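Architecture and fold: a report
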Amino acid sequence: MKKLLLSSALVSLVVLSACGDENEETTTDPVEETAADSTDSTETSDESTEDTDETEEDTQEENDSATNDTTLDTGEFVYEIKEIEQLDSQYDASTQILAVELTFTNNSEDAISPWISQGITAEQETDTTVETLMGSNGLYPEDYKTELVEMGDTNVKPGATVDAVIGFEILYPGEPVTLKEFTFNGDSSFEHVVETTE
């Protein structure tokens, strides 16, 4: 059932992102941008050099804000990790969850919950695989930070900032969990490693 809900949420996210405004800005990989600037020999004025310098500075500032290991700024959403705890599931003590308390800012044009915004994903590695962890919203202990847990699954208005909890089911207790920026191509400028216990 959880897999069906997560699959539905991911499909909805893909469909909604495909329906975005045609006037949205697109970002360019800084390496590609620099290569394009260096191969463009038709512009030789001082103005084009100044534009290139400003673009590189802007790109560096964007990368700096997105690479802090406790803060992820995607442009549309900002996630600031405040605390991370490993908990027993309310249903089965052998099921462990990773609860991530964070401050979430919605800079998009639509109301969305911190969980559904899918900015942060979690992975665990084995000797041969990298496995994406499923959400744990229904597994928290009954009395665990109830208001924050509820806010993790509540739509947040554009421009608003809230404190919330999102979580992931740990597949291999005792092995590290890597929190990363969710991207379709796997490139993530944000990474936060959490050691877990058995």
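What counts as what
Residues numbered from 1 in each chain as written. Predicted model: local features only at pLDDT ≥ 70, side-chain atom pairs only at ≥ 80, totals over all residues. Heavy atoms only, no water. Helix = DSSP H or I, 4+ residues; strand = E, 2+ residues; numbered from the N terminus. Buried < 20%, exposed > 50% of the residue type's maximum accessible area, 1.4 Å probe, protein only. Contact = heavy atoms within 4.5 Å. Pairing = 2+ DSSP bridges. Axes fitted to C-alpha atoms, helices over the stretch in contact; angles between N-to-C directions. Phe/Tyr/Trp six-rings, centres within 6.5 Å; stacked < 30°, edge-to-face > 60°. Patch = residues over 30% accessible without salt bridge, like charges linked within 9 Å, V, L, I, M, F, W, Y side chains within 5 Å. Areas by Shrake-Rupley, 256 points an atom, 1.4 Å probe, with all protein chains shown as cover. Salt bridge = Lys/Arg side-chain N within 4 Å of Asp/Glu carboxyl O. Lys, Arg positive; Asp, Glu negative; His and termini not counted. Charge placed at Lys NZ, Arg CZ, Asp CG, Glu CD. Core = buried A, V, L, I, M, F, W, Y, C linked by side-chain atoms within 4.5 Å. Polar contact = N/O pair within 3.5 Å; in protein donor to acceptor, adjacent residues only side chain to side chain. pLDDT = per-residue confidence, 0-100.

**Regarding the overall build of the protein chain**
Along the backbone of the protein chain there are 4 helices and 8 strands. The linear arrangement of helices and strands in the protein chain, starting from the amino end, is α-α-α-β-β-β-β-β-α-β-β-β. Burial analysis of the protein chain (198 residues in total) assigns 34% to the buried set. Long-range contacts, defined here as pairs at least 24 residues apart, represent 68% of the contacts in the protein chain between residues at least 6 apart.

**Observations concerning the sheet that holds strand β7 (residues 177-181)**
Reading across the sheet, the 4 strands line up as β5-β4-β7-β8 and stay open at both edges, with antiparallel pairing between neighbours. Either end of the sheet is taken by a strand with one partner, and the two such strands are β5 (130-132) and β8 (191-194). Direction aside, neighbouring strands of the sheet carry axes that sit 30° apart on average.

**Thoughts on the packing of aromatic side chains**
What describes a pair of aromatic rings is the distance from one ring centre to the other and the angle between the planes of the rings. Summed over the entire model, instances satisfying the criterion amount to 5 aromatic pairs. Centre to centre, the rings of Trp115 and Phe168 are 5.5 Å apart; their planes meet at 55°, and the pair counts as tilted. In this pair, Trp115 is assigned in the loop between β3 (96-106) and β4 (120-125) and Phe168 in strand β6 (residues 161-170), connecting sequence segments 53 residues apart. Across this residue pair, the class does not change: Trp115 and Phe168 are buried.

**Overview of a negative patch on the surface**
A surface patch of negative charge is lined by Asp127, Glu175, Glu195 and Glu198. With respect to the helices and strands, Asp127 occurs in the loop between β4 and β5. Using a relative accessible area of 84% as the deciding quantity, one classes Asp127 as exposed.

**Points about the nonpolar core**
Counting residues in hydrophobic clusters, the biggest one holds 23 residues, and the most contacted among them are Leu102, Phe104, Ile120, Phe168 and Leu179. For this core, the elements supplying multiple residues, two or more each, are β2 (77-88), β3, β4, β6 and β7. The dominant element in this core, judged by the number of residues it contributes, is β6, at 5 residues.

**Observations regarding the sheet that holds strand β1 (residues 71-73)**
With antiparallel pairing, 4 strands are arranged side by side in an open sheet as β1-β2-β3-β6. Bordering the open sheet on either side are β1 and β6, each of which pairs with just one other strand. Pairs of neighbouring strands in the sheet enclose a mean axial angle of 30°, with direction left out of account. One ladder, built from 11 bridges, connects β2 with β3; its direction is antiparallel. Opposite Glu85, over in β3, you have Ala99 as the bridge partner.

**Looking at the environment of Ser113**
Residue placement: Ser113 occurs in the loop between β3 and β4. As for Ser113 and Met151, which are separated by 38 residues in sequence, their C-alpha atoms are 7.6 Å apart. Excluding residues that lie within four positions of it along the chain, Ser113 makes contacts with Phe104, Gly152, Asp153, Thr154, Asn155 and Val156.

**Focus on the side chain of Thr103**
Mapped onto the fold, Thr103 is located in strand β3. Here Asp163 takes part through its side chain, which lies 2.8 Å from a polar atom of the side chain of Thr103. Excluding residues within four positions of it along the chain, Thr103 makes contact with Val78, Tyr79, Glu80, Lys82, Thr161, Val162 and Asp163.

**What about the confidence of the model for the protein chain?**
A residue-level look at the protein chain finds 63% of positions with pLDDT of 70 or above and a mean pLDDT of 74. Residue range residues 1-66 is modelled with pLDDT below 50. Its contacts to residues more than four positions away, or to other chains, number 30 contacts.

**Concerning the pattern of salt bridges**
In the structure shown here, the tally under the stated rule is 5 salt bridges. Of the charged contacts in the structure, one is a salt bridge between Lys145 and Glu85, with a shortest N-O distance of 3.1 Å. In this pair, Lys145 sits in the loop between β5 and α4 (146-152) while Glu85 sits in strand β2, placing the two residues 60 residues apart along the sequence. For the salt bridge of Lys180 with Glu123, the shortest nitrogen-to-oxygen distance reads 3.7 Å. Of the two residues, Lys180 sits in strand β7 while Glu123 sits in strand β4, which places them 57 residues apart along the sequence. Residue Lys180 is classed as buried on the basis of its relative accessible area, which comes to 17%.

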